[in-house]
There are 2 protein chains.
Amino acid sequence: MKPFENLVTLSKEIARLSSMSSLLHWDQETYMPPKGIEERGLQLALLAEMIHKRQTSPTYQKFLKILTRSKKLTLNEKVCLREWNRDLEKNTLLPTSFVKEFSKVTSQAIHAWSRAKKEDDFATFSPYLKKIIALVRQKAKYLKYKNHPYDALIDFHEPGMTTEKLDEIFSAINISLQALLKTLKNHPEDSFLYQPMPLPRQQELGHLLIDLLPIDKSLFRLDESAHPFSLGLHPQDIRITTRILPNSFTSNLFAILHECGHAFYEMGLVQKYYGTPLGETLSLGIHESQSRWWETKIGKSKAFWQFFYPYVQKAFPEALRNISLDAFYAAIHVVKPSHIRIEADEVTYSLHIMLRYELEKDLLTRKLDVEELPDAWREKSRTLLGITPSTDREGCLQDIHWSMGELGYFPTYVLGNLYASHFFCRFEKDFPQWEHKIANGDLSFIRSWLQRHIHKWGKKYSPEELAKKVTGKPLSEAAYVLYLQEKYSKVYHV
Amino acid sequence: MKPFENLVTLSKEIARLSSMSSLLHWDQETYMPPKGIEERGLQLALLAEMIHKRQTSPTYQKFLKILTRSKKLTLNEKVCLREWNRDLEKNTLLPTSFVKEFSKVTSQAIHAWSRAKKEDDFATFSPYLKKIIALVRQKAKYLKYKNHPYDALIDFHEPGMTTEKLDEIFSAINISLQALLKTLKNHPEDSFLYQPMPLPRQQELGHLLIDLLPIDKSLFRLDESAHPFSLGLHPQDIRITTRILPNSFTSNLFAILHECGHAFYEMGLVQKYYGTPLGETLSLGIHESQSRWWETKIGKSKAFWQFFYPYVQKAFPEALRNISLDAFYAAIHVVKPSHIRIEADEVTYSLHIMLRYELEKDLLTRKLDVEELPDAWREKSRTLLGITPSTDREGCLQDIHWSMGELGYFPTYVLGNLYASHFFCRFEKDFPQWEHKIANGDLSFIRSWLQRHIHKWGKKYSPEELAKKVTGKPLSEAAYVLYLQEKYSKVYHV
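Residues numbered from 1 in each chain as written. Chains lettered and ligands numbered in written order. Predicted model: local features only at pLDDT ≥ 70, side-chain atom pairs only at ≥ 80, totals over all residues.

Caption draft 1: Looking closely at the relation of the copies chain A and chain B. Overlaying chain A on chain B yields an RMSD of 0.0 Å, the required transformation being a rotation through 180° with an accompanying axial translation of 0.0 Å. On this basis, the relationship between the two copies can be described by a two-fold rotation axis. In terms of proximity to the rotation axis, the leading residue of chain A is Met20 of chain A, whose C-alpha is 4.0 Å off the axis. (Least-squares fit on C-alpha atoms with pLDDT ≥ 70 in both.)

Right, dumping it as structure tokens:
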């Protein structure tokens, strides 16, 4: 076998082990009996160790060296080589002892965070967070960076992205959103969205939505879990979950649209490339662009509800019989700053991310001590959202990410919105009649378009290159800001 | 670390990988999207390879050699050493190339069998079965045996069992059962058992049964699958499935009792020994004794239905309102020879196994050619059951086992019945009032007794030793035959 074929074999084995790890996670969140948790943690740790061993094995490195020296590579082989080398670098820069320590500290910290959040007691979490911040600083050093330690963290999830670019993007978004927010004062009526709807009816409605989406059900499933998520085990086995809230029935529907966006991406990968970089999703930001596309670009379009609202009305006549499509559409666009990120509306969502981004940078560069975090959070919340949380539970204890050592992750949520709006410019040009098609229940052309322009490429291009390839222009916040301004000015009649 | 501790670490890692393999199987049978099947096969093959590598690794063998030479071993260490050496022998006797070939041939044969059964076309399966029989003969040679090649196969599943002992047992059972069968002619009325019962009500009734059994639900789940099964991922995560037939509601209830018997065994293993032979179930026969215990000894006792029949009547009043407990009890004991093993009654079940056992031996020793199998099946069926199947689908294509290369497996089903009756002699002595307790809904004392006398020992004793330890007597068919004779004579008033 040639070195490339050998590497593909090894790479596929790693993909298969990761796929098992995904199944173990899926099971943990859906059906695992609660007492299985401790042993599940040990199983996942064992898999992680086996994966890391393979990713850094002498055989793997040997073949990679041979391939790197080779001069007769096809374009696809070059792509794989680039990504394999990039992964190897990331995987070897972190010493095994560090990875173990990191995993030990964060697994304790997650428990501490969970308790601290429950009891709104930051003091008990603070010592863990201190350790984590120290470890993350060390991690950034190991991973190397040119200008800012945060660069090393963000590049991990979004190759090519830098703190400098993020600063620029976030600052521009902030100015525009603050201006927009000031104009959105006369809120449409939306109380009818929060009437109790029986769970079985919500489940049925969710499955009906799935039936209307362009999904091959023989490679897909929908389940329920505490937090919605999606997992692609491989292109022939994709699973999503939703969460059903008794008093907020749209939550289930938007969760399904969001997770289906992720699922379409996984389904759209080219199967013959499974287990190689050409068959892998590109970045967290691009992944999030696909979920936000279906949740907001499609799922919050008037056209979609022209098609789907009658089904919802039929499922929930008690609450919606006298609510017009226009009234419903306005209600799902109410913008009100609130404390909880995952419940935030489309306009204020990015502000929640900026808050975290700025605190992360300050913690990393020692501008901020962990003890000062609760106050700093309140201050940033006041500045960015105009409101101050009265508890740390709604403040700096809100998200699990920091307890997992995941700094540099939050910005990918905003990047997802940016990419979605950026790609949408081209989509609108290709399908000027897109709203008409959707209003008539045609959704498959959207999935085909995304597959053709984004999914099928795997990791062939960098996120930056892909952004340019699709629209001809580099990524910026312009399309996203314009989308929010136009849409919300219209809904709010300003 | 001492060699024993090292071996425990390695053994636990193997157990963890096997546990993942179990989860992958569970998922495949319950929730996996159908198109996931091909990749799932590759995942399972990868896991099997990783497990086999660890079971035969030089490090593992080195520590085992050191431990074998050691003279200061505790009793528990000696048990582990014995079992580890036994496993190593089995795992190293089969060359890797043979294991791969076996796996390749059987995975093709399973598909061929499935098609052949569907189309009732033995000729298309026959070439595969020929290959399999040749491979199984070779397997027996590799595994070594003293007297009969079948010894090597049965010992694999039931350590210490031999063809000679099986011949003796089966011959005695056959004589007694044939005599008993002749007397069971006036069948009780049982048509009311086969009225359609809505699936949701059957599901509810199944969960109610689970609620009444002594099960900690935080480490257990019940799902549905095409064929009922149970899987212990580890003592804190045990899963069973049932199958719900629209026109035979007792099928679901007996499946649950059967699988819960397996589940109790897995739950009853001592957790601190997880991953070592002391925390493993003893043999297939002993495992089956636990399922048959709950399905037949308890689940077909009058006492159990005194307790549970009112619930069933309440769930299914249309069919059972006018059916007395006695009539119901008689109906679930109707004995009629039929073609399908898994639908057979308690009395004829063993005859189905003998049929297969004798054909397996003849195939193995070349007394029988694969081409002659359909005729031989019909002939044996006539002799043993008094009926002749009109299709191979109901004959030699009935079971999946041979296509999987699993010869030597069927007898463990009968051994399970034998062990169950054997153990029950002691149980009756310990609890002369057992029927009274059960009739009052007390079932937990049964599980405790089984845990104390069987589950907690893991692989400490051989099946033979355990049989003697519990009752003071070696295993024989006596208790089983007596149980059937007494019970069915009573039900049939003969």
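Caption draft 2: A look at the domain arrangement of chain A. Residue and element names in this part refer to chain A. For chain A, the domain assignment lists domain 1 (3-93) and domain 2 (119-494). For domain 1 versus domain 2, the distance between C-alpha centres works out to 27 Å. At the junction of the two partners, domain 1 supplies 18 residues and domain 2 supplies 19 residues. For the side of domain 1 that touches domain 2, the elements supplying multiple residues, two or more each, are α1 (3-30) and α4 (75-93). When residues in the side of domain 1 that touches domain 2 are grouped by element, the largest group, eleven residues, is from α1. Residue classes in the side of domain 1 that touches domain 2 are distributed as eight nonpolar, six polar and four charged. (Domains from an automatic or database assignment. Contact = placed C-beta atoms within 7 Å. Helix = DSSP H or I, 4+ residues; strand = E, 2+ residues; numbered from the N terminus. Nonpolar A, V, L, I, M, F, W, Y, C, P; charged D, E, K, R; others polar.)

Caption draft 3: Structural context of the sheet that holds strand β1 (residues 220-224) of chain B. Residue and element names in this part refer to chain B. Read from one edge to the other, the open sheet built from three strands follows the order β1-β3-β2, with strand pairing classed as mixed. One side of each edge strand has no neighbouring strand; the edge strands of this open sheet are β1 and β2 (230-234). Strand after strand, the sheet turns through a mean of 20° between neighbouring axes, direction not considered. Examined bridge by bridge, β2 and strand β3 (residues 237-242) share four bridges and lie antiparallel to one another. Following the sheet pairing, Gly232 is matched in β3 by Ile238. (Pairing = 2+ DSSP bridges. Axes fitted to C-alpha atoms, helices over the stretch in contact; angles between N-to-C directions.)

Caption draft 4: Seen up close, the interface of chain A and chain B. Taken together, the contact between chain A and chain B spans 25 residues of the former and 25 residues of the latter. Top contributing element to the side of chain A that touches chain B by residue count: α1 of chain A, with seven residues. Taken together, the residues of the side of chain A that touches chain B sort by class into twelve nonpolar, six polar and seven charged.

Caption draft 5: The arrangement of the pairing of strand β3 (residues 237-242) of chain A in detail. Residue and element names in this part refer to chain A. Of all six residues in β3, six are buried; the element is thus mostly enclosed. Of the two faces of β3, the one lined by Asp237, Arg239 and Thr241 and the one lined by Ile238, Ile240 and Thr242 are each fully buried. Where strand β1 (residues 220-224) lies against β3, five bridges are found, and the strand directions are parallel. In the strand pairing of β3, Phe220 is matched with Ile238. Taking the residues between adjacent antiparallel strands as the criterion, strand β2 (residues 230-234) and β3 are bridged by two residues. (Buried ≥ 20, exposed ≤ 12 C-beta atoms within 10 Å, placed from the backbone.)

Caption draft 6: Looking closely at the confidence of the model for chain A. Looking at chain A as a whole, its pLDDT mean stands at 96, while 100% of the residues score no less than 70. Among the scores for the predicted complex, ipTM is 0.92 and pTM is 0.93. (pLDDT = per-residue confidence, 0-100.)

Caption draft 7: Expanded view of the sheet that holds β2 of chain A. All names here are of chain A. In spatial order, the strands read β1-β3-β2; together these three strands make up an open sheet with mixed pairing. If you trace the sheet from one side to the other, it starts and ends with β1 and β2, each paired once. The mean inter-strand angle of the sheet, taken between neighbouring strand axes irrespective of direction, is 20°.

Caption draft 8: Highlighting unusual backbone geometry. All names here are of chain A. For Asp120, which is not glycine, the phi torsion reads 50° and is therefore positive. With respect to the element layout, Asp120 can be found in the loop between α5 (96-118) and α6 (122-143). The exposure class assigned to Asp120 is partly exposed, which follows from the 13 C-beta atoms found within 10 Å. In the Ramachandran plot, Arg366 falls in the positive-phi region, its phi being about 65° despite a non-glycine side chain. Note that Arg366 resides in the loop between α15 (349-364) and α16 (373-385).

Caption draft 9: Spotlight on the packing of helix α8 (residues 163-183) of chain A against helix α21 (residues 478-491) of chain A. All names here are of chain A. Two elements in contact, α8 and α21, have axes separated by 10 Å at closest approach and are oriented at 5°. Judged on the interaxial angle alone, α21 and α8 are roughly parallel. Contacts between α8 and α21 pair Ile173, Ser176 and Leu180 from the former with Val481, Leu484, Gln485 and Tyr488 from the latter. (Parallel < 35°, antiparallel > 145°, perpendicular 65-115°, else oblique.)

Caption draft 10: Molecular detail of the environment of Glu5 of chain A. Residue and element names in this part refer to chain A. Looking at the element boundaries, Glu5 is found in helix α1. Overall, Glu5 belongs to the exposed group, with 10 C-beta atoms counted inside 10 Å. Separated by 58 residues in the primary sequence, Glu5 and Phe63 place their C-alpha atoms 9.6 Å from one another.

Caption draft 11: Structural context of the packing of helix α3 (residues 58-69) of chain B against helix α4 (residues 75-93) of chain B. Residue and element names in this part refer to chain B. Remark: α3 packs on α4, axes separated minimally by 11 Å, with the N-to-C direction vectors making an angle of 135°. Classed by the angle they form, the pair α3 and α4 counts as oblique. For the pair α3 and α4, the crossing hand works out as left-handed. Taking contact as the criterion, the partners of Gln61, Leu64, Leu67 and Thr68 in α3 are, on α4, Leu81, Trp84, Asn85 and Leu88. For the contact of α3 with α4, the per-class residue count stands at five nonpolar, three polar and no charged. (Left-handed = near helix turned anticlockwise from the far one by under 90°.)

Caption draft 12: Looking closely at the environment of Gln202 of chain B. Residue and element names in this part refer to chain B. The topology assignment puts Gln202 in helix α9 (residues 199-212). Residue Gln202 is classed as buried on the basis of its C-beta count, with 22 C-beta atoms lying within 10 Å. Each C-alpha atom, one on Gln202 and one on Lys71, is 58 Å from the other, the two residues being 131 residues apart in sequence. If near-sequence neighbours (up to four positions away) are discounted, Gln202 is found in contact with Met197, Ile244, Phe249 and Asn252.

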